[in-house]
Amino acid sequence: KEQAAASLLKLVNAVMRELYPGQIRTDGVGLDDSLHRDLGLDSLGRVELIGRIEREFDVSLPERAFAQAETPRDLLDSILGADSRSLDIAALQPSEAGLESVAATPVDAGTLTEVLDWYARYHPERSHIRFYQDDGNGEVITYGALRQGALDVARGMQERGLQPGEAVALMLPTSSDYFFSFFGVLYAGGVPVPIYPPMRPSQLEDHLRRQSGILRNCRAKMLITVPEAKALARLLQSQLESLQLVATVADLKASQGEFQAPPREAGDLAFIQYTSGSTGSPKGVMLTHANLLANIRADGEAIRADSSDVFVSWLPLYHDMGLIGAWLGSLYFAPLLVIMSPLLFLTRPARWLWAMHRHRATLSAAPNFAYELCSQKIADQDLHGLDLGCLRVAFNGAESVSPDSVELFCERFGRYGFRREAMFPVYGLAECSLGVSFPPLGRGPHIDVVARDPFLLDGRALPPSDPEEGALRFIACGFPLPHHEVRIVDAVDHELPERQRGRLQFRGPSTTSGYFDNPEATRELLHGDWLDSGDLAYIAGGEVYITGRVKDLIIRAGRNIFPDELEGAVGELDGIRRGRVAAFASADRRTASERLILLAETRERDETLRRELTRQINEVATDLTGGPPDEVLLVPPDTVLKTSSGKIRRSACRELFENGKLGKRKRAVW
């Protein structure tokens, strides 16, 4: 054990030195240091560490080691109790390549429950969902089983007093319970509200604090969760007048009462999708059955989806890309959905690729970071024999799509059969029930190169006279979906010509009517029959190019500063935590102008080295923006706030800065 402990600490020190050069304490890492608080390891840092541990010790660590380990000592216990890495995922033979085609889809269905009823009536034994597992084929849910499990849950909710139209929050991991619960709420006439479950016990305080705002806003009547969280979740009941029941799926299925199906219409609310970063003033997107089915049908038409497809997904089900794009789209068009938990992907990203290989996936989807992670962090020896030639559409969306990440993935995995034309950068948002624009099928990614100065000064996306002189690159996210429209407008909603940056607005049958119980945010969203995306973009050749968020744009001395580029460049500096930099504008009341503030996480404590870091940050910022930030704040790990999907919460960081609360410890929820 002592030898294993010494080897582990040596490895942790080595990983930390590589990930965060110059920031390890002189006395090294201890067994009881907090991975999160003392070492500042985020999810991607844990991916790197767990991967190194498995290779160094020749073990396969359980997923709970990734999710629950608080210290190196916890990792040591997992190593000592782990199995040898005897299972070779690459050696497993491809399984079923799909299912028999169905002759039709439920084109007349007006609600999601009618879609499930149709399949349960005509194809009850058809496999709908297969849970991924490394050593073979996992549990299968058929259409008939999904409907029956959902009705069992619905019966329990009705017995406990759920009335049509009342909200039920789902705080569950990816599991059969989640699928049964979601449709159980729908069958009972309720409105599902997906919220994400905490990954680690240490996250519980902040997690409960953030979710209480959502639960209060939607006036949740019930919360369905896992047994381990029941007692803790009941803390919320003392703060939330509406919350009458915290239950598990097993609790609800134990009911023996009679089920009475309430009437459901296409215009009824199907579920509420809370946007990333929802906190004090939650924004819950209201989506009806009609909205969702319109978007699902338009998406399917654009990619020619049918029941012969196979969709492999690790996307979380509390996020619209995983819930609507992967699951509900598969529900409607009847491809086999092979699903794994996000944790399985994060612990070993190669699992995603091998799942596509084994199940001969034709469709998959992920945010840009996942493609970057696979390109950078998977060792060559873990890819021997991989064949991705089966993929015809690999959606890349849900966050900014990086041209560099796209090109890197296409180049590296082209050696493993991945075809460039399968890469499918898309644009969408929950306010449009997910999809807004898709590129032409089979074309592959198109990158537009524009001159920097005209774009930063007045938003003109012009070809550069010299492509090497600091040109900007933006990736095409395609044309509006069938029956949908987009336009680019200025500050007073006047439509702009092509290649002129402005605010992107959209309309069509998929669009929300607004945010639940948030009239102020709804007024900002709706512009007549157009909806404001909150994104800046331009159109060229009819295609959409996203350039950033309106609220994140910083205007300084007449120049437009895009925080993504600045944050990325600062994050590359030795001593700064990559992905943990926030740039934002703060109003200066003295000059009635905006000040550029830059937060950068570091563990460096030496004042001389911190001054040098500040000098380097000023130098990088000057190169990119024409001047240094007005204020650089070097802050400790876990200061820069991020959403559940990993995006920098710049507005929340600005609020903390302006209220003098940066680094202040929050009160426990109780």
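Residues numbered from 1 in each chain as written. Predicted model: local features only at pLDDT ≥ 70, side-chain atom pairs only at ≥ 80, totals over all residues. Heavy atoms only, no water.

Things to note about the sheet that holds strand β13 (residues 363-366)
We count it as follows: One requirement defines pairing of two strands: DSSP has to find at least two bridges between them. Every helix listed is a DSSP run of H or I at least four residues long, and every strand listed is a run of E at least two residues long, numbered separately from the N terminus. Axis angles are defined between N-to-C directions and span 0 to 180 degrees, where every axis is a line fitted to C-alpha atoms and, for a helix, only to the segment in contact.
Taking strand neighbours across the sheet as the criterion, the seven strands line up as β4-β3-β12-β11-β13-β14-β15 in an open arrangement whose pairing is mixed. Among the strands making up the open sheet, the edge pair consists of β4 (136-142) and β15 (423-425). The sheet shows a mean angle of 25° between the axes of neighbouring strands, direction not considered. Strand direction decides the pairing type here: β13 and strand β14 (residues 393-396), joined by four bridges, are parallel. Within β14, the position partnered with A366 by the bridge is N396.

Examining the pattern of salt bridges
Spelled out, the test is: Note on definitions: salt bridges are taken to be side-chain nitrogens of Lys or Arg within 4 Å of carboxyl oxygens of Asp or Glu. Burial classes follow relative accessibility: with a 1.4 Å probe on protein chains only, a residue under 20% of its type's maximum area counts as buried, one over 50% as exposed, and anything between as partly exposed.
Per the stated rule, a full pass over the model turns up 29 salt bridges. Among the salt bridges present, the one from R73 reaches D32, with a minimum N-O distance of 2.7 Å. One end of the pair, R73, is in helix α4 (residues 72-80); the other, D32, is in the loop between α1 (2-19) and α2 (43-57), with 41 residues separating them in the sequence. Residue classification places R73 among the partly exposed residues on the basis of a relative accessible area of 33%. A relative accessible area of 52% means that D32 is categorised as exposed.

Topic: the nonpolar core
Where we set the bar: We call a set of buried residues a nonpolar core when its members are Ala, Val, Leu, Ile, Met, Phe, Trp, Tyr or Cys and they connect through side-chain atoms within 4.5 Å of each other. Contacts: residue pairs with any heavy atoms within 4.5 Å of one another.
Core analysis: the largest hydrophobic core is formed by 154 residues, its most contacted members being F183, W327, W352 and L353. Of the residues forming this core, the biggest block, nine residues, is contributed by helix α12 (residues 320-333). Among residues more than four places away in sequence, those in contact with L353 are C374, I378, L383, L386, L388, F409 and F413. Within the second largest apolar cluster, 20 residues are counted, among which are A167, V191, A220 and A229.

Things to note about the packing of aromatic side chains
The geometry of an aromatic ring pair is captured by two quantities: the separation of the ring centres and the angle between the planes. Worth spelling out the cut-off: Each pair of aromatic rings taken from Phe, Tyr and Trp, with Trp reduced to its six-membered ring, is defined by centres within 6.5 Å and is described as stacked if the planes are under 30 degrees apart, edge-to-face if over 60, and tilted in the remaining cases.
On inspection of all chains with the given rule, the structure shows 30 aromatic pairs. Centre to centre, the rings of F182 and W327 are 5.4 Å apart; their planes meet at 70°, and the pair counts as edge-to-face. Here F182, found in helix α7 (residues 176-187), pairs with W327, found in helix α12; they are 145 residues apart in sequence, far enough to count as distant. Of the two residues examined, F182 and W327, each falls in the buried class. The interplanar angle of 90° and the centroid separation of 5.8 Å between the aromatic rings of F345 and W352 together place this pair among those described as edge-to-face.

Things to note about the confidence of the model for the protein chain
Our working rule: Think of pLDDT as the predictor's per-residue confidence, scored from 0 to 100.
Averaged over all residues, the pLDDT of the protein chain equals 86, while 88% of them reach at least 70. Counting interchain partners and residues more than four positions distant, the pLDDT-below-50 stretch residues 666-670 has 11 contacts.

Some points on the sheet that holds strand β20 (residues 479-480)
Strand order in the open sheet made by the three strands is β16-β17-β20, with antiparallel pairing throughout. Only two strands of the sheet have a single partner each, and these edge strands are β16 (427-429) and β20.

Regarding the environment of L346
Relative to the helices and strands, L346 is located in helix α13 (residues 342-347). For the pair formed by L346 and E48, sequence separation is 298 residues and the distance between their alpha carbons is 9.7 Å.

Here we look at α7
Given 3.6 residues per turn, any residue in an α-helix points the same way as the ones three and four places further on. For clarity, the threshold we go by: Take the number of residues in a helix, subtract one, and multiply by 1.5 Å to get its expected span.
Here α7 contains 12 residues, and its C-alpha end-to-end distance of 16 Å stays within 8% of the 16 Å for a straight helix at 1.5 Å per residue. Judged by how many residues are buried, α7 sits mostly within the fold: 11 of 12 residues are covered. Within α7 the residues assigned to the buried category are S176, Y178, F179, F180, S181, F182, F183, G184, V185, L186 and Y187. Just past α7, the residue G189 takes up positive phi, approximately 90°.

Let's talk about the packing of helix α19 (residues 563-571) against helix α20 (residues 607-625)
In plain terms, the rule: In this scheme the handedness of a crossing depends on how the near helix is turned from the far one: anticlockwise by less than a right angle means left-handed, clockwise means right-handed. Each residue receives one of three labels: charged for Asp, Glu, Lys and Arg, nonpolar for Ala, Val, Leu, Ile, Met, Phe, Trp, Tyr, Cys and Pro, and polar for the others, Gly being one of them.
Axis separation between α19 and α20 bottoms out at 10 Å; the angle between their running directions is 145°. Two packed elements cross with a definite hand, and for α19 against α20 that hand is right-handed. On α20, the residues that touch E565, L566, A569 and V570 of α19 are I617, V620, A621 and L624. Looking at the contact of α19 with α20 residue by residue, the class counts come to seven nonpolar, no polar and one charged.

Points about unusual backbone geometry
Phi at R219 is positive, roughly 55°, even though this residue is not glycine. Along the chain, the position of R219 falls in the loop between α8 (204-218) and β7 (222-225). Phi is positive for R499, close to 65°, though the residue is something other than glycine. You can see R499 is positioned in the loop between β21 (485-489) and β22 (502-507). The partly exposed category is assigned to R499, whose relative accessible area is 27%.

What about the environment of H357?
Along the polypeptide, H357 turns up in helix α14 (residues 350-358). Overall, the relative accessible area of 8% leaves H357 in the buried class. Separated by 29 residues in the primary sequence, H357 and L386 have C-alpha atoms spaced 6.5 Å apart.

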